[in-house]
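Structural features, examined
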Amino acid sequence: MIDIHFTLTHGEYTEAQALYNKKGRAAKCLKYTLHGVLTLSLGIVALTAPRASYGLILKQLAPVLVLLAVVLIGSPLLRKRVFKKRFELEKRNLTNAHVMLDDSGYHIQVPGTGSGIAEWTSMDGWVEGRTVILIRSGMLMRLLPKGALTDAQLGEVRVLLTSRVGPAGIIRKP
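Residues numbered from 1 in each chain as written. Predicted model: local features only at pLDDT ≥ 70, side-chain atom pairs only at ≥ 80, totals over all residues. Heavy atoms only, no water.

**A few points about the sheet that holds strand 1 (residues 2-6)**
Each strand in a sheet pairs with its neighbour through backbone hydrogen bonds, running either in the same direction (parallel) or in the opposite one (antiparallel). Spatial ordering of the open sheet is given by 1-2-3-4, a layout of four strands whose pairing is antiparallel. The sheet terminates laterally at strand 1 and strand 4 (114-119), the two strands that pair on one side only. Within this sheet the neighbouring strands show an average axis-to-axis angle of 15 degrees, counted without direction. Taken together, the six bridges between strand 3 (residues 105-110) and strand 4 define a ladder with antiparallel strand orientation. Across the sheet, residue His 107 finds its bridge partner in strand 4, namely Ile 117. Across the sheet, helix 4 (residues 151-164) is in contact with strand 1 and strand 2 (97-101); its angle to strand 1 comes to roughly 115 degrees. (Pairing = 2+ DSSP bridges. Helix = DSSP H or I, 4+ residues; strand = E, 2+ residues; numbered from the N terminus. Axes fitted to C-alpha atoms, helices over the stretch in contact; angles between N-to-C directions. Contact = heavy atoms within 4.5 Å.)

See below:
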């Protein structure tokens, strides 16, 4: 059994959010395919249009290009804001947390908030980041900051998660 007490920091939570939201290979392939189709379409329109109508084409494409620029520039800024806001909501559930990992599951107690048990069969997979270990369970994530673990405990956690949930980085589909 692994028994730890911790308070999650904003940096650890942000890393966990980034790990949770990491896009898979299929999403990246779709993204690059859509970018390629858009670029090819714009190229064909530009090459086949008569020179006199370039101004008209640019006027018609201007709203789309402005929207694309806003999305590309605003997306990282918006994501940072959402991560910060989410941490403020979740902070009370990750302050003075007492977590026990054993053969039956993930047990957590937070003073003033409550307690709960998540069995290993409900977990979809786990990922190890630079400062945090993230255990996925559907739309939820369970967190273990590495700073709260000794080297021996970290090895025990890896062995326990590999035996109960599966290899690191592989997410089971329900």
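**Quick notes on the nonpolar core**
One recurring pattern in soluble globular proteins: nonpolar side chains tend to sit buried together. In terms of nonpolar packing, the biggest core is built from 34 residues, with Leu 101, Tyr 106, Leu 143 and Leu 144 touching the most fellow members. Counting residues per element, the ones that place at least two in this core are strand 1, helix 1 (10-20), strand 2, strand 3, strand 5 (125-128), strand 6 (132-137), strand 7 (140-145) and helix 4. What Leu 143 contacts, discounting residues up to four positions off in sequence, is Phe 6, Leu 8, Tyr 13, Ala 16, Leu 94, Tyr 106, Val 132, Ile 133 and Leu 134. (Core = buried A, V, L, I, M, F, W, Y, C linked by side-chain atoms within 4.5 Å. Buried < 20%, exposed > 50% of the residue type's maximum accessible area, 1.4 Å probe, protein only.)

None of the figures reported here should be taken as evidence of function without further support.
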